[in-house]
Amino acid sequence: CFVGCFVGTFVGVLPGLGPAATISLLFPLTLKLSAVQAIIMLAGIYYGAMYGGSTTSILINVPGEAASVVTCLDGYQMARKGRAGPALGISAFGSFIAGTFGTLMIMVLAPPLASLALKFGPPEFVGLVFLGLTLITYLSSGSMVKALMIAVVGLLISCVGIDIGTGKERFTLGIATIASGFDIVPIVMGLFGISEVLLNIEKSAEIRGVFQTKIKELLPTKQDWKDSSGSIARGSVIGFFLGLIPGGGALIASLASYSIEKKITRHPETFGCGDIRGVAGPESANNAGAQGSFIPLLSLGIPSSV
């Protein structure tokens with residue numbers, strides 16, 4: 001488990017290599033192990049890769065994987081203010097607390113929650129998609145028209161590929177590369193990473209330069225803990241139960257956590273400007289969601305995500 005977490009974190013830090021790619025790359029390491037040892041090591045790789053994605057989100061505004069997208073909003077702003085250390089620290093502590101909570105919940109609630117996951121049908125999936133689109137428009141700061149346009153463009157992009165019902169290609173323009181549709185990880189990396197490059201190019205030569213900061217004070221202060229403890233607790237619970245839902249997983253969990261934190265705070269204007277709660281909540285949620293997704297897998301043999 002230690003080796004899995006250690007190696008998974010290292011690979012997970014690399015932008016674009018999320019948990020699925022990391023497990024695929026490191027799967028040969030388990031071939032000489034027993035079945036139980038292999039599952040334990042793969043689980044360690046999964047948790048490590050899920051956590052590792054937060055590092056690049058905070059430091060260079062490029063999410064390591066899809067579930068770390070929300071961490072970019074406040075984590076990178078904290079880094080720009082010289083608080084990269086506390087952002088990385090609270091991300092690690094939040095992930096550990098949520099992961100531990102998720103493990104205990106698996107032990108207690110696996111059988112009844114597995115039967116609940118089985119009852120999740122087409123109407124519930126539509127509701128889940130609608131929830132995701134609603135959260136996207138809610139999270140955006142600024143024009144609501146632009147937020148709705150973003151959601152519509154996302155829906156249009158998701159239509160590209162092979163139709164499940166007919167087997168015919170839709171909107172591929174004869175390009176074989178996109179016959180299976182667009183993968184979310186390269187899109188997310190492109191949107192965040194390339195936008196950061198363009199924003200730097202836009203600035204004048206005097207201002208432009210590599211953003212550098214010393215990573216110090218990794219242990220969060222008492223005030224950081226006071227601000228983040230509620231976010232970590234809420235993110236753990238929200239993430240775990242949303243992780244149960246097939247197709248939902250860590251991404252929806254982190255979006256939901258961020259939107260709830262923004263909703264219940266007295267000063268929502270601080271979110272997006274380096275609020276530590278915008279790091280603690282989503283990071284806890286996506287790690288608890290990773291744990292929750294193991295329940296249908298281990299109880300029913302049905303994986304809830306890739």
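As the structure is a prediction and not an experimental result, all values here were calculated from the model.

1. What to know about the side chain of Thr30
Now for step 1: Relative to the assigned elements, Thr30 resides in the loop between α2 (19-26) and α3 (35-60).
Now for step 2: A polar side-chain atom of Thr30 sits 2.7 Å from the main-chain carbonyl oxygen of Phe27.
Now for step 3: For Thr30, the contacting residues outside a window of four places in its chain are Ala38, Met41 and Leu42.

2. Thoughts on unusual backbone geometry
Now for step 1: Phi angles above zero are rare outside glycine, and Phe171 is one such case at about 55°.
Now for step 2: Here Phe171 lies in the loop between β2 (169-170) and α8 (184-202).
Now for step 3: Judged by its relative accessible area of 61%, Phe171 is exposed.
Now for step 4: Look at Leu173: it is not a glycine, yet its phi comes out positive at around 60°.
Now for step 5: Relative to the helices and strands, Leu173 is located in the loop between β2 and α8.

3. Side note on α3
Now for step 1: Relative to the 38 Å expected for 26 residues at 1.5 Å per residue, α3 spans 38 Å between its end C-alpha atoms, a close match to the ideal helical length.
Now for step 2: One or two steps after α3, the chain reaches Asn61, where phi turns positive at roughly 65°.

4. Things to note about the packing of helix α9 (residues 222-243) against helix α11 (residues 277-292)
Helix-helix packing is characterised by the crossing angle of the two axes and by the distance between the axes.
Now for step 1: At a minimum axis distance of 6 Å, the contact between α9 and α11 shows a crossing angle of 30°. As far as their axial angle goes, α11 and α9 are roughly parallel. Here the hand of the crossing between α9 and α11 comes out right-handed. Side by side, α9 and α11 meet where Asp227, Ser228, Ser231, Ile232, Gly235, Ser236, Gly239, Phe240 and Gly243 of the first sit next to Arg277, Ala280, Gly281, Ser284, Ala285, Ala288, Gly289 and Gly292 of the second.
Now for step 2: Partitioning the contact of α9 with α11 into residue classes produces five nonpolar, ten polar and two charged.

5. Things to note about the state of the cysteines
Now for step 1: In the structure shown here, the tally under the stated rule is zero disulfides.
Now for step 2: The thiol sulfur of Cys5 is not disulfide-bonded, and the nearest other cysteine sulfur, from Cys1, lies at 4.4 Å.

6. Looking at the pattern of salt bridges
Now for step 1: Scanning the entire structure with this criterion turns up four salt bridges.
Now for step 2: A salt bridge links Asp275 to Arg277; the nearest nitrogen and oxygen atoms lie 2.6 Å apart.
Now for step 3: Note on Asp275: relative accessible area 9%, which makes it buried.
Now for step 4: Given the relative accessible area of 21%, Arg277 is considered partly exposed.

7. Quick word on the packing of α3 against α11
Now for step 1: At a closest axis distance of 9 Å, the pairing of α3 and α11 adopts a crossing angle of 160°. Judged by the angle between their axes, α3 and α11 are roughly antiparallel. Like other packed secondary-structure pairs, α3 and α11 cross with a definite hand, here right-handed. Facing α3, whose interface residues are Tyr46, Tyr47, Met50, Tyr51, Ser54 and Ile58, α11 presents Val279, Glu283, Asn286, Asn287, Ala290 and Gln291.
Now for step 2: Grouping the amino acids of the contact of α3 with α11 by side-chain chemistry returns seven nonpolar, four polar and one charged.

8. Things to note about the packing of aromatic side chains
Now for step 1: Under the criterion given, the structure shown has nine aromatic pairs.
Now for step 2: Pairing Phe2 with Phe6 gives two aromatic rings, centres 5.9 Å apart and planes at 20°, and the pair type is stacked. Of this pair, Phe2 and Phe6 both sit in helix α1 (residues 2-12), separated by four residues, roughly a single helical turn.
Now for step 3: The exposure class of Phe2 is exposed, given its relative accessible area of 64%.
Now for step 4: Overall, Phe6 belongs to the partly exposed group, its relative accessible area being 48%.

Reading the values: the criteria
- Residues numbered from 1 in each chain as written.
- Predicted model: local features only at pLDDT ≥ 70, side-chain atom pairs only at ≥ 80, totals over all residues.
- Heavy atoms only, no water.
- Helix = DSSP H or I, 4+ residues; strand = E, 2+ residues; numbered from the N terminus.
- Polar contact = N/O pair within 3.5 Å; in protein donor to acceptor, adjacent residues only side chain to side chain.
- Contact = heavy atoms within 4.5 Å.
- Buried < 20%, exposed > 50% of the residue type's maximum accessible area, 1.4 Å probe, protein only.
- Expected span 1.5 Å × (residues − 1).
- Axes fitted to C-alpha atoms, helices over the stretch in contact; angles between N-to-C directions.
- Parallel < 35°, antiparallel > 145°, perpendicular 65-115°, else oblique.
- Left-handed = near helix turned anticlockwise from the far one by under 90°.
- Nonpolar A, V, L, I, M, F, W, Y, C, P; charged D, E, K, R; others polar.
- Disulfide = S-S within 2.5 Å.
- Salt bridge = Lys/Arg side-chain N within 4 Å of Asp/Glu carboxyl O.
- Phe/Tyr/Trp six-rings, centres within 6.5 Å; stacked < 30°, edge-to-face > 60°.

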